[in-house]
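Secondary and tertiary structure notes
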Amino acid sequence: MSESVIERLGSGTLRHIGYVGGLATQFWSTIASLAPVLPLVGNRHRWRSAVRQMLVVGVDALPMVGIMAVCAGFILAMQGASELRRFGAMNFVIELVTIGFTRELGPLLTAIAVSGRSGSAFSAEIGSMVVTEEIDALRTMGIDPIEFVLAPKYLAALIVLPCLTIMCTACGILAGGFFMRLTTDMAFGIYISSVVHSMVLRDVWTCLVKSLAFATIIVHVGCLEGFRVRGGPDAVGRSATAAVVKSTFLVILTDVGFTAIFYLTGGK
Amino acid sequence: MDRAPEGTSTEPAISVRDVVVSYNGRRVLDKVNLDIARGETMVLLGGSGSGKSTLLRQIIGLERPESGQILVSGVDLWNCKPKVLKKLRHSIGVAFQNSALFNSMSLEDNIALPLREHTRLAESTIRLMTWMKLAVVGLAEFGKLSPQALSGGMKKRAAVARALSLDPEILVFDEPSAGLDPIVGAELDELILGLKRAFNMTVVVVTHEMASAFRIADRMAMLYEGSMIEVGTKEDLRNSPHPQIRQFLDRVPDQIADTASIDRYFQQYLEGSSA
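Thresholds, definitions, all that
Residues numbered from 1 in each chain as written. Chains lettered and ligands numbered in written order. Predicted model: local features only at pLDDT ≥ 70, side-chain atom pairs only at ≥ 80, totals over all residues. Helix = DSSP H or I, 4+ residues; strand = E, 2+ residues; numbered from the N terminus. Buried ≥ 20, exposed ≤ 12 C-beta atoms within 10 Å, placed from the backbone. Contact = placed C-beta atoms within 7 Å. Pairing = 2+ DSSP bridges. Axes fitted to C-alpha atoms, helices over the stretch in contact; angles between N-to-C directions. Right-handed = clockwise from strand over helix to strand, strands pointing away. Domains from an automatic or database assignment. Nonpolar A, V, L, I, M, F, W, Y, C, P; charged D, E, K, R; others polar. Left-handed = near helix turned anticlockwise from the far one by under 90°. Expected span 1.5 Å × (residues − 1). Bend = angle between axes of the 7 residues up to and from the residue. Core = buried A, V, L, I, M, F, W, Y, C linked by C-beta atoms within 7 Å. Parallel < 35°, antiparallel > 145°, perpendicular 65-115°, else oblique. Arc of directions from axis to C-beta.

A closer look at the overall build of chain A
Scanning chain A from N- to C-terminus turns up 9 helices and 0 strands. In chain A, the succession of helices and strands from N to C terminus is α-α-α-α-α-α-α-α-α. Expressed as lengths along the three principal axes of its C-alpha atoms, the size of chain A is roughly 65 × 60 × 35 Å. Out of the 268 residues in chain A, the part that is buried amounts to 43%. A sequence separation of at least 24 residues applies to 84% of the contacts in chain A between residues at least 6 apart.

Concerning the overall build of chain B
Within chain B, the regular secondary structure consists of 10 helices and 10 strands. Along the first, second and third principal axes, the C-alpha set of chain B runs to 85 × 40 × 35 Å. Residues classed as buried in chain B amount to 40% of the 275 residues present.

Points about the sheet that holds strand β3 (residues 41-45) of chain B
All names here are of chain B. What the 6 strands build is an open sheet, ordered β6-β7-β8-β3-β9-β10; its pairing is mixed. Edge positions in the open sheet fall to β6 (92-95) and β10 (227-233), since each of these has one partner strand only. Direction aside, neighbouring strands of the sheet carry axes that sit 15 degrees apart on average. Where β3 meets strand β9 (residues 219-224), 4 bridges bridge the pair, whose relative direction is parallel. Each residue of the ladder has a partner; that of methionine 42, found in β9, is arginine 219.

Quick notes on the pairing of strand β8 (residues 202-206) of chain B
Residues and elements named next belong to chain B. Burial within β8 is extensive, with 5 of its 5 residues counted as buried. Relative to β8, β3 runs parallel, the two being bridged by 4 bridges. Looking across to β8, one finds that leucine 44 is bridged to valine 206. The parallel pair strand β7 (residues 170-174) and β8 is bridged by helix α6 (residues 182-199), and the resulting crossover is right-handed.

Considerations on the domain arrangement of chain B
Residues and elements named next belong to chain B. In terms of domains, chain B is made up of domain 1 (14-91 + 169-240) and domain 2 (101-167). For domain 1 and domain 2, the distance between their C-alpha centres works out to 24 Å. Listed by partner, the interface residues are 9 residues for domain 1 and 9 residues for domain 2. No other element matches the 4 residues that α6 contributes to the side of domain 1 that touches domain 2. Tallied by class, residues from the side of domain 1 that touches domain 2 come to 6 nonpolar, 2 polar and 1 charged.

Considering the interface of chain B and chain A
Counting residues at the interface gives 15 residues for chain B and 11 residues for chain A. For the side of chain B that touches chain A, the elements supplying multiple residues, two or more each, are α2 (82-90), β6 and α3 (107-118) of chain B. The greatest single-element share of the side of chain B that touches chain A, amounting to 4 residues, is contributed by α3 of chain B. Grouping the amino acids of the side of chain B that touches chain A by side-chain chemistry returns 8 nonpolar, 3 polar and 4 charged.

Digging into the packing of helix α4 (residues 92-131) of chain A against helix α6 (residues 145-184) of chain A
Residue and element names in this part refer to chain A. Two numbers describe how α4 lies on α6: the axes approach to 7 Å, and their chain directions differ by 145 degrees. For the pair α4 and α6, the sense of crossing is right-handed. Here the residues of the contact of α4 with α6 sort into 16 nonpolar, 8 polar and 1 charged.

What about α4 of chain A?
Residues and elements named next belong to chain A. For α4, spanning 40 residues, the distance from its first C-alpha to its last is 54 Å, which sits close to the expected 58 Å at 1.5 Å a residue. Along α4, the largest kink reaches about 60 degrees and is centred on phenylalanine 101. Most of α4 is tucked away, with 29 of its 40 residues classed as buried.

Examining the sheet that holds strand β5 (residues 75-76) of chain B
All names here are of chain B. What the 4 strands build is an open sheet, ordered β2-β1-β4-β5; its pairing is antiparallel. With partners counted over all chains shown, the strands left at the sheet margins are β2 (26-36) and β5, one partner each. Relative to β5, strand β4 (residues 67-72) runs antiparallel, the two being bridged by 2 bridges. Residue leucine 71 lies in a different strand from β5, and its bridge partner there is aspartate 76. In the packing of helix α1 (residues 52-59) onto the sheet, contacts are made with β1 (14-23), β2 and β4, and the angle to β1 comes to roughly 120 degrees.

Here's the deal with the nonpolar core
Ranked by size, the top nonpolar core spans 135 residues in total, and within it Leu44, Val172 and Val204 of chain B carry the most contacts. Among the elements that take part in this core, α6 of chain A stands out by supplying 18 residues, more than any other. If you count residues domain by domain, this core takes at least three from each of domain 1 (14-91 + 169-240) and domain 2 (101-167) of chain B. With residues near it in sequence (within four places) discarded, valine 204 of chain B still touches Ile14, Ile36, Met42, Leu44, Ile59, Ile170 and Val172 of chain B.

Concerning the packing of α6 of chain A against helix α7 (residues 188-198) of chain A
Helix-helix packing is characterised by the crossing angle of the two axes and by the distance between the axes. Residues and elements named next belong to chain A. Viewed as axis vectors pointing N to C, α6 and α7 meet at an angle of 135 degrees, and their least axial separation amounts to 10 Å. For the element pair α6 / α7, the angle class is oblique. The element α6 and its partner α7 pack so that their crossing is right-handed. In this structure, α6 contributes Ile173, Gly177, Met180 and Arg181 to the contact, and α7 contributes Phe188, Tyr191, Ile192 and Val195. For the contact of α6 with α7, the class distribution of residues is 6 nonpolar, 1 polar and 1 charged.

A few points about unusual backbone geometry
Peptide bonds are, in most cases, trans, and in most cases residues other than glycine have a negative phi. All names here are of chain B. Non-glycine residue serine 73 carries a positive phi angle of around 50 degrees. The residue serine 73 is located in the loop between β4 and β5 in this model. Phi is positive for glutamate 175, which is not a glycine, with a value near 45 degrees. Its place among the elements puts glutamate 175 in the loop between β7 and α6.

As for the pairing of β2 of chain B
Residue and element names in this part refer to chain B. Relative to β2, β1 is paired through 7 bridges, and the arrangement is antiparallel. Within β2, the residue paired with isoleucine 14 across the bridge is isoleucine 36. The turn joining β1 and β2, which pair antiparallel and follow one another in sequence, is formed by 2 residues; a positive phi near 50 degrees is taken by asparagine 24.

What to know about helix α2 (residues 44-57) of chain A
Residues separated by three or four positions in an α-helix point in the same direction, a consequence of the helix having 3.6 residues per turn. All names here are of chain A. Here α2 spans 20 Å end to end across 14 residues, near enough to the 20 Å set by a 1.5 Å rise per residue. For α2, the set of buried residues is Arg46, Ser49, Ala50, Gln53 and Val57. End-on, the buried residues of α2 take up no more than an arc of 105 degrees, which puts them together on one face. Those residues of α2 that are exposed and angled more than 90 degrees off the buried face are Arg44 and Leu55.

Dropping the structure here:
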């Protein structure tokens, strides 16, 4: 019995190491295939496909991310205010919302929204291409599936996710301003100048670095789940679920890592 | 157009040498040997799980054998420069079982894809060539449609048109008549024969539809449990005494074959005890 537990532990560990290995291999081959996707210097069909992905991953996600950010901005401001007003420190709500969104909520909320919308879509698309032998067909035609299918998605996410993150952060901060206007009659101009005052450049670039890392995780986990589909259409559905669960989990795990690094290296 | 490295005309178009493939420790192909001559139609036969689809995946270079070699025009697929491998791939056109057309593109774009990817031809030339390939399979007027709008037989023909787009020397079909009614299946057989006559291609077909196999084959190869048990002409196969080939050709289910052997066993036992 104890042997079987050890065996299970061992095979589980090997499976996870294999998964991470698969992610790493896929990541490097995508980096190697990114050049043909670039505009002007690359293949125009790839760039066109990347632009299409930008529309699907980015533009179509705007309303959802925007509404989520506004709601989260309100929630953060209300929760903060309910405590801070007891100390007469309502002004700190501005800092709370600004720092909260630029450092944390902006990239995280965007990543979770995109992982739910597009991570699952990537794995379902690629998974069904595997099931219908389209990926095999690409390979027999001498077309690299990583370059043809994955690289445009990755480039699109690398461009679009930071943009969405900036928009998400802006919406959250604006919602905080609206809340302050309603509760303390603070003029919007004063709110904005306080926001600019409490925002530091370091927070902005950590926010963008995080969003690039999250884009990498969402695209690569989603696509790897798709490429690993074996069997029939039911496996495609399972892979879409796995893509969302795994990428959300990895996004939060990576976020902890990044925040810890920034906390330890940054000081004040 | 890119051509595969020229081999001598006498050497086989495809040569499978001692190929071994295992999945999860189970041997799926066991030292399989097969030579497919230039210009011939080779039909690979075998029941489900016999390893014929695995052999096909080996021939078209989708999987690497555990040991052994796959030579296309005399060049080892897995022991050549990437550039040569790419050219070899262009010399093999594959029509997949499920057609494998890209649903996100129109039929025209599906067929134009290999040309757009691998040649620097002008768009007008690509359009003309695409139209010609579609005309060969009788789908010239359907180019603007999405693959989803086509019937099963039309999809199969469209897959053939795409396989033809780089003017390959070898055309490979995976279960061409699977899922088609007998009339459409017969039409596809005629298409394969017509293509072979017109372009003198080497054709490899994996199937278990016997009528279709005997209609199109020059030679046949029969796989059973991962081993090549017979390679020969149609007559060789028809007259083969090999029990597995007889069972396959006479459509005898396994269970009945088993009962027959049990009967034989009892008979031998009774004869033994009476003697």
